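Inside the fold
Residues per chain, in single letters:
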Amino acid sequence: MRDLKAVGKKFVHVMYPKKSSALLRDWDLWGPLVLCVSLALMLQGGSADSKDDGGPQFAEVFVIIWFGAVVITLNSKLLGGTISFFQSLCVLGYCVLPLTVAMLVCRLVLLAGSGTVSFIIRLIVVVAMFGWSTLASTAFLADSQPPNRKALVVYPIFLFYFVISWMILTFTPQ
């Protein structure tokens, strides 16, 4: 129960990002694991053995998220970041929450239809949640970097969330 409350508090920190060390202080990987698995399951196409299912397979999404987070964390550490490896993974993983919400909204919009209006709604939702994820993660991670290297840390974060957003936006179920 205590861990569930801690995960919930971290979700609140991501949904209302402010410069705070609470997310960094007590890191865990339960929330990022749940978010990654749920996003991968929602991005999973129709049937597991079909080649034209319109979406990435579970393992592809899982690997892109975790490998991307590891690369960003290593980049941050090599540029002189002051937070630990697992603190960075925790922040990057929890900041996938807005994109997971975007995927849920996009799936609901796709149930209604797949026309131009549907695409515009999905585009607006994904762009907004992409900005939210990027803003939330940089609010936590940028302060741990030397002032002259913040842009070198923020750019890979931008690309990481952009790739995930692109997977969400281009998803078409069968």
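Residues numbered from 1 in each chain as written. Predicted model: local features only at pLDDT ≥ 70, side-chain atom pairs only at ≥ 80, totals over all residues. Heavy atoms only, no water.

In the nomenclature of an unreviewed UniProt entry, the protein corresponds to Protein YIPF from the organism Anhinga anhinga.

The subject of this paragraph is the overall build of the protein. Of regular secondary structure, the protein possesses eight helices and zero strands. For the protein, the N- to C-terminal ordering of α and β elements is α-α-α-α-α-α-α-α. Across the 174 residues in the protein, those meeting the buried criterion constitute 44%. Once local pairs closer than 6 in sequence are excluded, the contacts in the protein between residues at least 24 apart make up 76%. Accessible surface, the protein as shown: approximately 9200 Å² in total, 72% of it carbon and sulfur. (Helix = DSSP H or I, 4+ residues; strand = E, 2+ residues; numbered from the N terminus. Buried < 20%, exposed > 50% of the residue type's maximum accessible area, 1.4 Å probe, protein only. Contact = heavy atoms within 4.5 Å. Areas by Shrake-Rupley, 256 points an atom, 1.4 Å probe, with all protein chains shown as cover.)

This brings us to the packing of aromatic side chains. Under the defined criterion, the tally for this structure stands at 10 aromatic pairs. Here the aromatic rings of Phe58 and Phe62 are separated by 5.8 Å at their centres, their planes lie at 20°, and the arrangement is stacked. Residue Phe58 and its partner Phe62 are located together in helix H4 (residues 58–78), separated by four residues, close to a single helical turn. A relative accessible area of 30% means that Phe58 is categorised as partly exposed. Overall, the relative accessible area of 26% leaves Phe62 in the partly exposed class. (Phe/Tyr/Trp six-rings, centres within 6.5 Å; stacked < 30°, edge-to-face > 60°.)

Our focus in this paragraph is the side chain of Ser76. By the secondary structure assignment, Ser76 is in helix H4. According to the relative accessible area criterion, Ser76 is buried, its value standing at 5%. Ignoring anything within four residues of it in the chain, the contact list for Ser76 reads Gly81, Gln145 and Val153.

Let us now look at the environment of Pro146. Residue position: Pro146 is located in the loop between helix H7 (116–141) and helix H8 (150–169). Residue Pro146 is classed as partly exposed on the basis of its relative accessible area of 23%. Each C-alpha atom, one on Pro146 and one on Leu79, is 8.0 Å from the other, the two residues being 67 residues apart in sequence. Those residues within four positions of Pro146 in sequence are excluded, and the remaining contacts are Leu79 and Gly80.

Moving on, we get to the packing of H4 against helix H5 (residues 85–94). At their nearest, the axes of H4 and H5 sit 9 Å apart, and the two run at 130° to each other. Put simply, H4 runs oblique to H5. Of the two possible hands of crossing, H4 and H5 adopt the one that is right-handed. Between H4, through Ala69, Val70, Ile72, Thr73 and Leu74, and H5, the contact on the second element is made entirely by Phe85, Ser88, Leu89 and Leu92. (Axes fitted to C-alpha atoms, helices over the stretch in contact; angles between N-to-C directions. Parallel < 35°, antiparallel > 145°, perpendicular 65-115°, else oblique. Left-handed = near helix turned anticlockwise from the far one by under 90°.)

The next thing to look at is a nonpolar patch on the surface. A cluster of nonpolar residues, Ile64, Tyr155, Phe158, Leu159, Phe162, Val163 and Trp166, forms a patch on the protein surface that exposes about 660 Å² of accessible area. By residue number, the principal contributor to the nonpolar patch is H8, which donates six residues. (Patch = residues over 30% accessible without salt bridge, like charges linked within 9 Å, V, L, I, M, F, W, Y side chains within 5 Å. Salt bridge = Lys/Arg side-chain N within 4 Å of Asp/Glu carboxyl O.)

The next thing to look at is the side chain of Ser165. Mapped onto the secondary structure, Ser165 falls in helix H8. Looking at Ser165, the relative accessible area reads 6%, which means it is buried. One polar contact links the side chain of Ser165 to the main-chain carbonyl oxygen of Tyr161, over a distance of 2.8 Å. What Ser165 contacts, discounting residues up to four positions off in sequence, is Leu99, Val126 and Phe130. (Polar contact = N/O pair within 3.5 Å; in protein donor to acceptor, adjacent residues only side chain to side chain.)

Bringing the nonpolar core into the picture now. Formed by 44 residues in total, the largest nonpolar core has its most connected members in Leu39, Leu43, Tyr161, Ile164 and Ile168. Of all the secondary-structure elements, those providing two or more residues to this core are helix H1 (2–15), helix H3 (30–43), H4, H5, helix H6 (97–112), H7 and H8. Take this core: its biggest share by element is eight residues, from H8. Leave out the neighbours within four places in its chain, and Tyr161 touches Val91, Leu92, Cys95, Val96, Leu99, Phe130, Ser133, Thr134 and Ser137. (Core = buried A, V, L, I, M, F, W, Y, C linked by side-chain atoms within 4.5 Å.)

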